[in-house]
Amino acid sequence: MDSAYQSTRDKALQASAKQAVLNGIAPDGGLYVLPELDTVKIDLDQILQGSYLDNAYTVLSALLPDYTKEELQECIHNAYGNSFTNEKITPLRQVGDVYVLELFHGPTSAFKDVALTLLPQLMSAALKSQEGKALILTATSGDTGKAALSGFQDVPNTGICVFYPDGKVSAMQYKQMASQQGSNVKVFGIQGNFDDAQTEVKNLFLNPELAKQAARHQVRLSSANSINIGRLIPQIVYYFDAYKQLVQQGVIEKGEEISFSVPTGNFGDVLAGYYASLMGLPVKKFYVASNANNVLTEFLNTGRYDKNRPFIQTISPSMDILVSSNLERLLYYMADKDEAKVAGWMQDLKDKGFYEVGPEMLERLQAKFGCGSYDDAATKQIIHDVFEQYGYVLDPHSAIGYGLADEAIKANQDGKEVVVALATASPYKFCSDVLDALGTQEKDPWKALHKLEEINPDPVPAGLAALEEAEILHKDVLKTEEMQQAVAGACAELFA
Ligand SMILES: *Cc1c(COP(=O)(O)O)cnc(C)c1O
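Residues numbered from 1 in each chain as written. Predicted model: local features only at pLDDT ≥ 70, side-chain atom pairs only at ≥ 80, totals over all residues. Heavy atoms only, no water.

Asker: Describe the sheet that holds strand β6 (residues 133-139), naming the residues involved and giving the relevant values.
Answerer: Backbone hydrogen bonds hold the strands of a sheet together, and the pairing may be parallel or antiparallel. Taken in spatial order, the five strands make up an open sheet running β9-β6-β7-β8-β16, and their pairing is parallel. Edge positions in the open sheet fall to β9 (219-223) and β16 (477-478), since each of these has one partner strand only. Where β6 and β9 come together, five bridges link them in parallel fashion. For L137, the partnering residue across the bridge sits in β9 and is S223. (Pairing = 2+ DSSP bridges. Helix = DSSP H or I, 4+ residues; strand = E, 2+ residues; numbered from the N terminus.)

What follows is the structure in structure tokens.
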């Protein structure tokens, strides 16, 4: 099973799990997939009896065949052993009719911690067997950057460069990244939006000149974005674990189908849920929840994915995305693993900015995926109403998932549908906007934090509380054309 993975666009481009983790993206620009994923089945009884860490081992060992048991257990222990503030790692709480899966109890208070505490460990283990070094390039719309910096900080034989859209992340997200410590980290603002940064990072991975410059320092360039299988696979775990918690809470019995509502940007989170369902988790529907950048809502309603549209800056910046990269993997499985079809759509997207999947594919997609989008005003209304009714404070991203979950439950008149809404960030990361939704104006991010603390029954996460006093260490802002040189410079400096 050494070459278990392949590109979504070409079966000839194969890789072991370790190679896929190190490469990030396939050489043709496609994404690594496991063709036999739908034949890998997870035993639900085992999940129901396992701790989160046990369940992580069950899922990871099924999908990363060339890692040894000892390697995986060490990786999992290092990731989750003591960096999460909730012993359940991802606790499930009932809020009204919706079950909220809180994914934000990691070191940076965002759901990306769940994967980005584990990915550096998986990389480090893979590097050990190959005796190499890796420089991670990450474009971020806000949360990934900090979670990746924190995950990679001082991990041996690795370095990390993070690029965020200057002025387009929250004050808290900015401070989190700009104050990052570590001897192997670089943080840059980019003039442009997230897609500009991500597009250039993708180009840099395919740039032969830069690869040569890196190779001079025995460095390979790799990705920590959600296209990396080492990001995706850890996220499958909490879908199974949420199911376990519902059974334990007596909400469902084993075998019953449930649904998930997922605030979506790059499509990694919801794709991980789809992977869980391919591996045997009983799922009725996935609700793909979007903000005003509703390209996925339109796609799931019409079958046409069209990125030719204005980019809208919203109060849920981690979902301000026009090209949802991981959708390519869903298309691969939904198109019965027809690489030529996938390659064709991606070519259309590149050449024309849109593609159309046709009525048959659309029907298949709609059988499993519902969708909906909420603009900022609607998002604030949800935050307001949920707090008013249940005393629970949602962040803007989580509110969008909650809103769609609640709508789905209300629309389902004839039977009860159990819907889990994924809560992807702590409301304390977006204090001013959350307060605004609750009827209080406070633009100063730290004053807002303290005001929210007075209202919210849940305490401020320690990592965010410490930020107020943290020193800014990274100040560079670049044009996208300058990113290549910055990366070459980081190779020389960090791995001298
Ligand atoms: C990244 C992120 C999302 C979107 O997740 P994708 O995997 O990109 O779809 C949603 N909410 C928050 C808070 C995030 O950081």
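Asker: Can you lay out the pairing of strand β8 (residues 185-190) for me, pointing to particular residues and giving the numbers?
Answerer: Look at any regular strand and the pattern is simple: side chains alternate between the two faces of the sheet. Burial of β8 is extensive: six of the six residues sit out of reach of the surface. Neither face of β8 is open: one carries V185, V187 and G189, the other K186, F188 and I190, and all of them are buried. Where strand β7 (residues 158-165) lies against β8, six bridges are found, and the strand directions are parallel. Counterpart to I160 in the pairing with β8 is V185. A crossover connection joins β7 to the parallel β8 through helix α8 (residues 171-178); in handedness this β-α-β unit is right-handed. In the sheet, β8 pairs with β16 via two bridges, with the strands oriented parallel. By the bridge assignment, G189 is partnered in β16 with V477. (Buried < 20%, exposed > 50% of the residue type's maximum accessible area, 1.4 Å probe, protein only. Right-handed = clockwise from strand over helix to strand, strands pointing away.)

Asker: So what about the environment of A224? Which residues, and what values?
Answerer: Along the polypeptide, A224 turns up in the loop between β9 and α11 (229-248). C-alpha separation for the pair A224 and T138, spaced 86 residues apart in sequence, amounts to 5.9 Å. What A224 contacts, discounting residues up to four positions off in sequence, is L116, L119, I136, L137, T138, T144, F152 and R231. (Contact = heavy atoms within 4.5 Å.)

Asker: If you had to explain the sheet that holds strand β1 (residues 5-7) to someone new, which residues and values would you point to?
Answerer: Spatial ordering of the open sheet is given by β2-β1-β3, a layout of three strands whose pairing is antiparallel. Looking at which strands have only one partner, the edges of the open sheet turn out to be β2 (10-15) and β3 (32-33). Pairing geometry for β1 and β3, over two bridges, is antiparallel. From the neighbouring strand, Q6 faces β3, where its bridge partner is V33.

Asker: Go over empty space enclosed by the protein, please, and point to the residues and values.
Answerer: Evaluated as defined, the whole model comprises four cavities of 30 Å³ or more. Volume-wise, the largest cavity comes out at about 280 Å³. Lining the largest cavity are 27 residues, and of these F111, K112, G265, N266 and S318 lie nearest its centre. Those elements that provide at least two residues to the lining of the largest cavity are α7 (143-152), α9 (194-205), α11, β10 (258-263) and α12 (268-278). Of the residues belonging to the lining of the largest cavity, the class tally is nine nonpolar, 14 polar and four charged. (1 Å grid on protein atoms, 1.4 Å probe; cavity = no way out; pocket = protein on both sides within 12 Å on 5 of 7 lines; lining within 4 Å. Points joined across faces, edges and corners; volume = space filled by probe spheres on them. Nonpolar A, V, L, I, M, F, W, Y, C, P; charged D, E, K, R; others polar.)

Asker: With reference to specific residues and values, describe the layout of surface pockets.
Answerer: Approximately 710 Å³ is the volume attributed to the largest pocket. Forming the boundary of the largest pocket are 24 residues, of which R9, K202, M346, L349 and K350 lie nearest the centre. Of the residues contributing to the lining of the largest pocket, the split by class is 10 nonpolar, seven polar and seven charged.

Asker: Please set out unusual backbone geometry residue by residue, giving values where relevant.
Answerer: Backbone geometry at S109 places phi at a positive 65°, although glycine is not the residue there. Along the chain, S109 falls in the loop between β5 (98-102) and α5 (112-116). Overall, the relative accessible area of 2% leaves S109 in the buried class. The phi torsion at D336 lies on the positive side, around 55°, for a residue other than glycine. Locating D336 in the fold gives a position in the loop between α14 (327-334) and α15 (339-352). Residue classification places D336 among the exposed positions, given a relative accessible area of 55%.

Asker: Tell me about the side chain of T144, and name the residues and values.
Answerer: Relative to the elements of secondary structure, T144 occurs in helix α7. In this structure T144 touches K112, L116, T138, A224 and R231, once residues within four positions along its chain are discounted.

Asker: Describe the side chain of T138, and please don't skip the residues or the numbers.
Answerer: Residue position: T138 is located in strand β6. A residue is classified by how much of its surface remains accessible, and T138, at 0% relative accessible area, is buried. Not counting chain neighbours up to four residues away, the residues in contact with T138 comprise T144, I160, C161, V162, F163, A224 and N225.

Asker: Give a description of the site of the ligand that names residues and reports values.
Answerer: Taken together, the neighbourhood of the ligand is formed by 15 residues, with K112, D143, G265, N266 and T424 sitting nearest. At a separation of 2.8 Å, an oxygen atom of the ligand approaches a polar backbone atom of G265. Contact between the ligand and G268: an oxygen atom at 3.2 Å from a main-chain N or O atom of the residue. One can see that the ligand is located within the largest cavity. Its residues assigned to classes, the shell around the ligand comprises five nonpolar, seven polar and three charged. (Near = heavy atom within 4 Å. Polar contact = N/O pair within 3.5 Å; in protein donor to acceptor, adjacent residues only side chain to side chain. Sits in = over half its atoms within 2 Å of the grid points.)

Nothing here speaks to function; it is all geometry.
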